[in-house]
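# Secondary and tertiary structure notes
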Amino acid sequence: MAATPTGDDSKPEQSLSLGKSSYDAMAAPPPEAPAPAPPDFPEGGRQAWLTVLGGFLVLFCTFGTVQSFGVYQDYYSRVLLSQRTASDISWIGSMQTFLLFAGGLPTGKLFDEGYFHHCLAVGSLIYLFSIFMLSLVQPNQYYQVFLAQGVGMGIGMGIIMLPALSVTSHYFRRRRSIAIGVVIAGSSTGAVVYSILLNNLFNGKIGFPWGVRVSGFIDLVFLLTANLVMKTRLPSRRERPNAKPIDIRAILSDGGYWLCIIGAALVFWGLFVPFFYLQVFAELHGLPKTLAFYAIPIMNASSLFGRTIPNFLGDYFGPFNIMIPCTIISGGLMYLLFAATGVAGTVVFGILYGFFSGGFISIITPAVASFSRDLNEIGTRIGIACFVIGFALLTGTPIAGALVQQNHNGPYIWWRPLVFASIVVLAGTACLIASRQILSKRKSTHVL
């Protein structure tokens, strides 16, 4: 009986074929996941503008206090720390400003990792505790003032300022410059309010301790409101485990970015000299006491417009294209102060300098952010920039103080700090122009 083929002879061949197919499937690289779509930005809405409002209040309390330090400088030199030189007193304000900016390095990283509300709460508590400690300092106790105002308030400011600025980027892209401009306008508004308020309280019946406490209670209400209304929108890096890591090496090797930082640091090195010394300058030149008290508020009121109008223009013409002319004019205006020894000259200088310096201060943040290749880099890039800029702010006004008055009872020689400030601001502008050219070639556009 002949054997009938059963088909079993084909099994080895079929098995081999299946095994080869399985091996190929395992050996082949897995298909790449599609790149995530870029996030949409609402460019407005209730929560977006509530977050902008919260940022405005944070800057009102922090940068507004920094820009009204000229009131403290004047009061300390005449009353509370009258045995100290102008440079010694400037170190208090410059340390506060240094920590305000240098805090951006760690808080930028924390913001990217999703610790926005933690930074805002902890920083607010440190700041409020320190300002109430400032109200308890004793006359001619320099270390008490330095620790409470320079170190304590500075640390609190540094923890909350950068997150309050960066979170705006979660809601705006096309209109980011104007949104950040509104946030930063809080600093000018705060400086106007605090300058007028503190001048009248310090030199009136209420005195220094309760004058500081009144500003502390205002800060308490505003910072509590900011903590309640501000919210993040985009998921943090912790919430996206597969997110592309930030390329720190690429950031550190970005020549155009570092040229922008160096330029900004040079500008900030001299930019705040008038904010610290204009009131003292006005009083020593025999201007009416009322005008001397209002010299800094006039400059900060003008700065309010300087921090909104240029930002609106920056959204259409590019932040660099608006910032660079503002910086050139700011450096040139330093020489106008030589002629501002009368009422008209002081008012004109305050209005012009406040506007154009405000244009630089508000636009430098979106200018630095424009070097980011990815949205996740914004906090880190701004944090690094703030840290470097902080060292310029730490030394700029004390250098000006040492130049203007070499010893406690010595005369004030004003041309030296003004020439110093003008030169470094214009040198920084040259670096910003070169940085803009590099970015223009990278992005193939002149709208920067």
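Residues numbered from 1 in each chain as written. Predicted model: local features only at pLDDT ≥ 70, side-chain atom pairs only at ≥ 80, totals over all residues. Heavy atoms only, no water.

### Concerning the overall build of the protein chain
Put simply, the rule reads: The helix and strand labels rest on DSSP assignments: H or I over at least four residues marks a helix, E over at least two residues marks a strand, and numbering proceeds from the N terminus. Three exposure classes are used, based on accessible area relative to the maximum for each residue type with a 1.4 Å probe and protein chains only: buried under 20%, partly exposed in between, and exposed over 50%. Contacts between residues were defined by any pair of non-hydrogen atoms, one from each residue, lying within 4.5 Å.
Along the protein chain, the regular secondary structure elements total 19 helices and 0 strands. Taken across its 448 residues, the protein chain has 55% of its residues classed as buried. Contacts spanning at least 24 positions in sequence make up 85% of the contacts within the protein chain whose residues lie at least 6 apart.

### Let's talk about the environment of serine 440
Note on placement: serine 440 falls in helix H19 (residues 415-443). Overall, the relative accessible area of 7% leaves serine 440 in the buried class. Note: C-alpha distance between serine 440 and glycine 256 (184 residues apart in sequence) is 10.0 Å. Sequence-distant contacts of serine 440, defined by excluding residues within four places in its chain, comprise Thr445, His446 and Leu448.

### Notes on the nonpolar core
Note the threshold: By nonpolar core we mean a set of buried residues, namely Ala, Val, Leu, Ile, Met, Phe, Trp, Tyr and Cys, connected to one another through side-chain atoms within 4.5 Å.
Among the nonpolar cores identified, the biggest contains 112 residues, and Tyr76, Leu134, Phe208, Phe268 and Phe360 are the most heavily contacted of them. Core analysis: the next-biggest nonpolar cluster, separate from the first, contains 5 residues, Met95, Phe98, Leu99 and Ala102 among them.

### Regarding a nonpolar patch on the surface
The condition that has to hold: Surface patches are drawn from residues lacking salt bridges whose relative accessible area is over 30%; two like charges belong together within 9 Å, two nonpolar side chains (Val, Leu, Ile, Met, Phe, Trp, Tyr) within 5 Å. Each accessible area is a Shrake-Rupley estimate made with a 1.4 Å probe; only the visible protein chains count as cover when residues are assessed. Salt bridge criterion: a side-chain nitrogen from Lys or Arg within 4 Å of a carboxyl oxygen from Asp or Glu.
On the surface, a nonpolar cluster with roughly 630 Å² of combined accessible area is contributed by Phe305, Ile309, Phe312, Leu313, Tyr316 and Phe317. Considering every element that reaches the nonpolar patch, the biggest residue donor is helix H15 (residues 309-317), with 5 residues. When its relative accessible area of 57% is taken as the criterion, tyrosine 316 is described as exposed.

### Here we look at the confidence of the model for the protein chain
Inclusion rule: Per-residue confidence from the predictor is reported as pLDDT, a score between 0 and 100.
Overall, the prediction assigns the protein chain a mean pLDDT of 85, with 89% of residues at 70 or greater. Ignoring residues within four places in sequence, the model shows residues 1-35, a span with pLDDT below 50, making 0 contacts including any to other chains.

### Side note on the pattern of salt bridges
Close approach of charged atoms allows side chains with opposite charge to pair. Counted by the stated rule, this structure contains 7 salt bridges. Put simply, glutamate 113 and lysine 109 hold a salt bridge, and the shortest N to O gap is 3.4 Å. On the basis of relative accessible area, lysine 109 is assigned to the partly exposed category, the value being 44%. When salt bridges that share partners are traced, they join Asp254, Arg373, Arg381 and Arg442 into one network.

### Description of the side chain of serine 166
Mapped onto the fold, serine 166 is located in helix H8 (residues 142-166). Setting aside residues up to four positions removed in sequence, serine 166 forms contacts with Phe111, Gly379 and Ile382.

### Things to note about the packing of helix H5 (residues 86-102) against H8
Rules: Note on geometry: axes are lines fitted to C-alpha atoms, helical ones only across the stretch in contact, with angles between N-to-C directions running from 0 to 180 degrees. Roughly parallel refers to an angle under 35 degrees, roughly antiparallel to one over 145, roughly perpendicular to one between 65 and 115, and oblique to any angle outside these ranges. Handedness of a crossing is defined here by the sense of rotation of the near helix relative to the far one, left-handed for an anticlockwise turn of less than a right angle and right-handed for a clockwise turn. Under the scheme applied, nonpolar residues are Ala, Val, Leu, Ile, Met, Phe, Trp, Tyr, Cys and Pro; charged residues are Asp, Glu, Lys and Arg; polar residues are all the others, including Gly.
It is at 6 Å that the axes of H5 and H8 come closest, and there the two elements cross at 20 degrees. Taken together, H5 and H8 sit at an angle that is classed as roughly parallel. Seen along the crossing, H5 lies across H8 with a hand that is right-handed. Of H8, the residues touching H5 (which contributes Asp88, Ile89, Trp91, Ile92, Met95, Gln96, Leu99 and Leu100) are Tyr142, Val145, Phe146, Gln149, Gly150, Val151, Met153, Gly154, Ile155, Met157, Gly158 and Met161. Residues belonging to the contact of H5 with H8 are distributed by class as follows: 14 nonpolar, 5 polar and 1 charged.

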